[in-house]
Structures are given as C-alpha cells and as structure tokens.
Amino acid sequence: MSEVQVLKPQKTWSHLAARRRKPSEYDIVSTNLHYNNRDANAPYELAPELFMNQWYKQNTFGTALKHADWNAFRDPDEVIYRTYNLMQDGQETYVFGLFDQFNQREHDKSLDARWAGTLARLYTPARYLFHTLQMASAYVGQVSPASTITNCHYFQMADSLRWLSHTAYRTKELSLTFTDKGLGQDERHYWEQDSAWQGFRELMEKVLTVWDWGEAIIVLNMIAKPAVDEAVLRRLGEAARHNGDVLLGLLTDAQLMDVARHRRWLAAFTKMALETEGNKELIQSWIEKWQPLADKAIDAYCSALPDVPNAAEAAKTATRELGF
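Right, let's walk through the structure included here. (Residues numbered from 1 in each chain as written. Predicted model: local features only at pLDDT ≥ 70, side-chain atom pairs only at ≥ 80, totals over all residues. Heavy atoms only, no water.)

Quick notes on the overall build of the protein chain
Part 1 of the argument: When its secondary structure is counted, the protein chain shows 12 helices and zero strands.
Part 2 of the argument: Reading the helices (α) and strands (β) of the protein chain from amino to carboxyl end gives α-α-α-α-α-α-α-α-α-α-α-α.
Part 3 of the argument: When its C-alpha atoms are laid out on the principal axes, the protein chain stretches across 95 × 40 × 35 Å.
Part 4 of the argument: For the protein chain, with 324 residues in total, the buried portion stands at 50%.
Part 5 of the argument: In the protein chain, the proportion of contacts linking residues at least 24 apart, taken out of those at least 6 apart, comes to 80%. (Helix = DSSP H or I, 4+ residues; strand = E, 2+ residues; numbered from the N terminus. Buried < 20%, exposed > 50% of the residue type's maximum accessible area, 1.4 Å probe, protein only. Contact = heavy atoms within 4.5 Å.)

Below you can see the structure in the form of structure tokens.
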C-alpha cells in the first residue's frame, strides 16, 4: 500500500507566497486581480477574434513598453478603496470647511470685479479640463496589465472628479455675487473658443485618442497631467493669492496634495519600467513627441494669467523635473 502524502496548507495566497511574510491588506485586495491577463490570445476568454480581445491584444499586450512582470508594481502609498475614502473624506471635510468659512466672511464680495472676470475665463471652465483627465485616467486604468496600476489610475480618476466638483461648486457661489460675468453659462464657450484654453483642449483631445497602453500611461502622467497641474493648479493659485483670492489659493493647495501622491506612484512606476532594456529610449521618444504640445498649452494658458511673472517658464521647468 502506497504511503499517503500529506500536503501542508498554504499560509497565504499562492501568488503572495514568494514574499515570505504575512500579506498586508494592500497585498490582499490590490494584487493580481485582473482576470484578462491569463491568456494573451483571448483576454476575455471568448473567441480570439472578438473585438475586445483584439483591442487588448493590440493595445495592452502589444505595446512596446515591456516588463517581465507588471504585477510586481506596488503603489508606494499602498492606497486601497477603504483608505482612499478615509483619506479623502478628511480632504473633503477640509475643502468644504474652507467654502463654509469664506462664505460666512462674504469672501466673494471682497473680490475685484476684474478678477471675477478672470475667474470666469480661466478658472470655472477648468471643469471641462478636469473631466478630460478623469476620462484619460479611466481608460489607462481599464487597459492596464496589472491591477495595482489600474488602482492608481482609478484613484487618480476620482481625484479629478473631486476637482471638477470643487470647480462647479465655486462657479455657483461666484455666480451669486457676480451676476454679469456669465458664470455657470459661458464656460463651454471659453473652453471651445478662448485662446487661453485651446492648447489644453488640443492636448487632451489628442491624449484621449492614444489607445496603446504604454504610450497612453506615459503621455497622460508624464506630459499632459503635469502640464495641467503646474499651470492650471499651481500658477492659477499664485495668481489668485496675488489678487486677494485666498480661498482659491488654498483650494489649489489642497488639490496639489493629490498631485504629490500621483507623482509618488508615477516615480515608482517609472523606476520599474526602466528595469527593462529599451524602455528608457522608448519613453524618451514619446516625451519628445508630446512635449511641444504640452508646452504650447502651458504658454497659451499662462500668458493669460495676471500677476504671475514667468508663469509659463516656471510651469514648464517644473514638468521637466519629472524626467529620469
């Protein structure tokens, strides 16, 4: 009679066993969650010629940006759905505390009418721009080959929606004081027609047509989003402070806290990508291809900002600091 072999039970999930430690909550709920990367020929486990299978084979698995194991990527902040909600609940409490306090002080009545006109032109239409960031982050997250990369983009997408909501809220508040500036009515006209926005509109419309995952993640996070962060958040916040609009300055500061977190995971992703030979040259080629369009957007927007000398140059310099 053959001897029965008794197998020792796994102490953790098999895909986490190599780490030889008790998995964290982040490990458990964030890693290796995608089901559509098990068969490169049929990601959705249906006929290989199915449209979505063809899409993923070409644009996710077919990208020139390669790594032996994208699932090894980890968010340095280890953000998960639960902790994101805890963290951003606190952020939203802070932001709406700002809104309430400045409303009680009748802050908007203290603003110069010319600055209110600037807000109508250069601030309130930003909700369209933030929506493009939301859509681009959603796409890159959807087609990412690893769930840990997807999660970073989905939280980034949620941040963009929060920024959009803040802008819409302030648009309504400002319209109650400045009834003759077209607030809440003319934003689409500014977004589609005003010279200050056309660079960003062109940039983001083209970003939204980049299907290849490798190029899309680089163009969104290393080119387009930094241009928005540095021009439409940081430099606009400076202009606001120089024109007595402390509320907008504090609001952009709060949004830039999200940006700092986005850049931490981007630095970790870039470091990982550079482990593979050829990726550095590939990424650099995409940067060189897209940087002029981002610079054009920064120039057009910053040239309209009042009271921020050298805004465009400062913004462009800051975007270069994300390089490698």
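Brief notes about the nonpolar core
Part 1 of the argument: Counting residues in each nonpolar core, the largest one holds 83 residues, and the members touching the most others are F200, L203, F269 and Y301.
Part 2 of the argument: The biggest single contributor to this core is helix α9 (residues 213–242), with 17 residues.
Part 3 of the argument: For Y301, the residues in contact, after removing those within four places along its chain, are L122, A196, W197, F200, A231, V232 and L236. (Core = buried A, V, L, I, M, F, W, Y, C linked by side-chain atoms within 4.5 Å.)

Brief notes about the packing of helix α5 (residues 126–143) against helix α8 (residues 195–207)
A pair of packed helices can be characterised by two numbers: the angle between their axes and the separation between those axes.
Part 1 of the argument: Between α5 and α8, the shortest axis-to-axis distance is 10 Å and the interhelical angle comes to 20°. The angle between α5 and α8 places the two elements in the roughly parallel class. Relative to α8, α5 is oriented so that their crossing is left-handed. Facing α5, whose interface residues are A126, L129, T132, L133 and A136, α8 presents W197, F200, M204 and V207.
Part 2 of the argument: Among the residues making up the contact of α5 with α8, the classes are represented as eight nonpolar, one polar and no charged. (Axes fitted to C-alpha atoms, helices over the stretch in contact; angles between N-to-C directions. Parallel < 35°, antiparallel > 145°, perpendicular 65-115°, else oblique. Left-handed = near helix turned anticlockwise from the far one by under 90°. Nonpolar A, V, L, I, M, F, W, Y, C, P; charged D, E, K, R; others polar.)

Looking at the packing of aromatic side chains
Part 1 of the argument: In total, this model carries 18 aromatic pairs according to the counting rule given.
Part 2 of the argument: A centroid spacing of 5.3 Å and a plane angle of 80° characterise the contact between Y44 and Y56, whose relative ring orientation is edge-to-face. Taken together, the residues Y44 in the loop between α1 (25–30) and α2 (51–59) and Y56 in helix α2 connect sequence positions 12 residues apart.
Part 3 of the argument: With 6.2 Å between their ring centres and 10° between their planes, Y128 and W191 make a pair best called stacked. Of this pair, Y128 sits in helix α5 while W191 sits in helix α7 (residues 187–193); the two residues are 63 residues apart in sequence, bridging distant segments of the chain.
Part 4 of the argument: Aromatic rings pair up to connect Y128, W191, W197, F200 and Y301 into one cluster.
Part 5 of the argument: The ring centre of F102 lies 5.9 Å from the NZ or CZ of R105, which sits over that ring. (Phe/Tyr/Trp six-rings, centres within 6.5 Å; stacked < 30°, edge-to-face > 60°. Lys NZ or Arg CZ within 6 Å of the ring centre and 35° of its normal.)

Points about the side chain of T31
Part 1 of the argument: As for its position among the elements, T31 is in the loop between α1 and α2.
Part 2 of the argument: There is a polar contact of 2.5 Å between the side chain of T31 and the backbone oxygen of D27. (Polar contact = N/O pair within 3.5 Å; in protein donor to acceptor, adjacent residues only side chain to side chain.)

A look at the side chain of Q134
Part 1 of the argument: Here Q134 shows up in helix α5.
Part 2 of the argument: Apart from residues lying up to four places away in sequence, Q134 is in contact with M157, S160, L161 and L164.

Some points on a nonpolar patch on the surface
Part 1 of the argument: A cluster of nonpolar side chains, contributed by L46, L50, F51 and M52, occupies part of the molecular surface with about 380 Å² of accessible area.
Part 2 of the argument: Inspection of the secondary structure puts L46 in the loop between α1 and α2.
Part 3 of the argument: Under the relative-accessibility criterion, L46 is labelled exposed at 52%. (Patch = residues over 30% accessible without salt bridge, like charges linked within 9 Å, V, L, I, M, F, W, Y side chains within 5 Å. Areas by Shrake-Rupley, 256 points an atom, 1.4 Å probe, with all protein chains shown as cover. Salt bridge = Lys/Arg side-chain N within 4 Å of Asp/Glu carboxyl O.)

Some points on helix α3 (residues 81–104)
Part 1 of the argument: Between its first and last C-alpha atoms α3 spans 34 Å; for 24 residues at 1.5 Å apiece the expected length is 34 Å, and the two agree.
Part 2 of the argument: The complete set of buried residues in α3 reads Y84, Q88, Q91, V95, L98, F99 and F102.
Part 3 of the argument: Summarising the contacts, the buried residues of α3 are in contact with α6 (147–177) and α10 (246–273).
Part 4 of the argument: Looking one or two residues beyond α3, the residue adopting positive phi is E106, at roughly 55°. (Expected span 1.5 Å × (residues − 1).)

Section: the pattern of salt bridges
Part 1 of the argument: Applying the stated criterion to the full structure yields 30 salt bridges.
Part 2 of the argument: Two residues, R264 and D77, come together in a salt bridge whose shortest N-O distance is 2.9 Å. Within this pair, whereas R264 is found in helix α10, its partner D77 is found in the loop between α2 and α3, the two being separated by 187 residues in sequence.
Part 3 of the argument: Accessibility expressed as a relative area gives 40% for R264, which makes it partly exposed.
Part 4 of the argument: Owing to a relative accessible area of 32%, D77 belongs among the partly exposed residues under this scheme.
Part 5 of the argument: Here the salt bridges do not stand alone but share partners, grouping K225, D229, E230, R234, R235, E238 and R263 into one network.

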